[in-house]
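Observations on the model geometry
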Amino acid sequence: MALLPILEFPDPRLRKVAADIAHINDDIRQLAKDMLETMYHAPGIGLAASQVNVHQRLVVIDVSDDGDEPRVLINPSWEPLTEDKQSYQEGCLSVPEFYDDVARYSRIQLSAFDEQGEPISEVAEGLFAVCIQHELDHLNGKLFVDYLSNLKRDRIRKKLEKKHRDDIKDTLYEAKAKVNLESQG
């Protein structure tokens, strides 16, 4: 298994709409395993393939308290079963260190396939329903920050752009220091 790099907002690749998976094969199963490893390592409770720059309709989720109930959803879709919405404080591995309330349907009907190609049809509620809606938004090129005001979204974008610039500067500084040490040795 392998840890995969997670794209971060405002990377434009996060806006690409994911394509259906035509065939569930060993490559898709391996991608799901790698995504689960990446999600647990991050740590998070959900990860869409779009977030790791694979634009196929695949998400992994584990909302259990102990992180021992991984779910793989291939070609997932959902429909609301109620008009009731709940606000949850959401965060996102692609928008690190930022959280805000987002209203989502409290009860939905999930349809998908598992990694063996078996159909899944179940009612989801609470955090599981929220996570499904959040991750499927990713597959459609939408982020949780799109539910926020323009002011909040712009503030988050500017802070993450600055963080990315600082990370690049730090990496360059470390590389230069390493070259200097090697040339002295």
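Rules used in this analysis
- Residue indices begin from 1 for each chain and proceed along its sequence in written order.
- Since the coordinates come from a predicted model, pLDDT governs what is reported: local features require at least 70, and pairs of side-chain atoms require 80 or more to be given and counted, while whole-chain, interface and lining totals use all residues.
- Based on all heavy atoms of the structure, the side-chain values leave hydrogens and waters out of the count.
- By nonpolar core is meant a set of buried Ala, Val, Leu, Ile, Met, Phe, Trp, Tyr and Cys residues that side-chain atoms within 4.5 Å join together.
- Buried, partly exposed and exposed residues are distinguished by accessible area as a fraction of the type maximum, computed with a 1.4 Å probe on protein chains only: under 20%, between the cut-offs, and over 50%, respectively.
- Helix numbering and strand numbering both begin at the N terminus, where a helix is a DSSP run of H or I of at least 4 residues and a strand a DSSP run of E of at least 2.
- Throughout, a residue-residue contact means that at least one pair of heavy atoms, one from each residue, lies within 4.5 Å.
- Within this document, salt bridges are pairs made up of a side-chain nitrogen of Lys or Arg and a carboxyl oxygen of Asp or Glu, the two lying within 4 Å of each other.
- Expected helix span is computed as 1.5 Å times (number of residues minus one).
- In the analysis that follows, any N or O atom pair within 3.5 Å is treated as a polar contact, provided that within protein one partner can donate a hydrogen and the other can accept it, and provided that, for residues neighboring in sequence, both atoms belong to side chains.
- At least two bridges found by DSSP between two strands are what make those strands a pair.
- Axis definition: a line fitted to C-alpha atoms, over the contacting stretch in the case of helices. Angles run 0 to 180 degrees between N-to-C directions.

**Some details on the nonpolar core**
- Among the nonpolar cores identified, the biggest contains 17 residues, and Val-59, Ile-61, Leu-73, Leu-110 and Ile-132 are the most heavily contacted of them.
- Put simply, the parts of the chain that give this core at least two residues each are β2 (58-61), β6 (107-113), β7 (119-125) and α2 (126-139).
- When residues in this core are grouped by element, the largest group, six residues, is from α2.
- Residues within four places of Ile-61 in sequence aside, it is in contact with Met-39, Ile-45, Gly-46, Glu-69, Pro-70, Arg-71, Leu-73, Phe-128, Cys-131, Ile-132 and Glu-135.
- Membership of the second largest hydrophobic core comes to 15 residues, among which are Ile-28, Leu-36, Leu-58 and Ile-74.

**Structural notes on the pattern of salt bridges**
- By the definition in use, this model includes eleven salt bridges.
- When the shortest N-O distance is used, the salt bridge between Glu-90 and Arg-104 registers 2.8 Å. Linking Glu-90 in strand β4 (residues 85-92) with Arg-104 in strand β5 (residues 95-105), this pair joins segments that are 14 residues apart in sequence. With respect to burial, Glu-90 and Arg-104 carry one shared label: buried.
- Residues Arg-107 and Glu-125 are paired through a salt bridge, measuring 3.1 Å at the closest nitrogen-oxygen approach. Here Arg-107, found in strand β6, pairs with Glu-125, found in strand β7; they are 18 residues apart in sequence, far enough to count as distant.
- Look at Glu-125 and you get partly exposed, because its relative accessible area is 49%.
- One salt-bridge network, held together by shared partners, links Glu-90, Arg-104 and Asp-137.

**Quick look at α2**
- With 14 residues, α2 should cover 20 Å at 1.5 Å per step; its first-to-last C-alpha distance of 21 Å lies within 8% of that length.
- Counting buried positions along α2 yields 13 of 14 residues, so the element is predominantly enclosed.
- With its phi angle positive at about 80°, Gly-141 sits one or two positions after the end of α2.

**Focus: the side chain of Gln-51**
- Mapped onto the elements, Gln-51 comes out in the loop between β1 (46-48) and β2.
- Judged by its relative accessible area of 1%, Gln-51 falls in the buried class.
- Within the structure, the side chain of Gln-51 is placed 3.0 Å from the side chain of Ser-94, a separation counted as a polar contact.
- In this structure, Gln-51 is in contact with Pro-5, Ile-6, Leu-7, Leu-14, Gly-46, Cys-92, Leu-93, Ser-94, Glu-135 and His-138, ignoring residues within four places of it in sequence.

**Regarding the sheet that holds β6**
- One open sheet accounts for five strands, arranged β1-β2-β3-β6-β7; its pairing is antiparallel. The two strands at the open ends of the sheet, each matched to only one other strand, are β1 and β7. With direction set aside, neighbouring strand axes in the sheet form an average angle of 40°.
- Sheet topology places β1 next to β2; three bridges connect them, and they run antiparallel.

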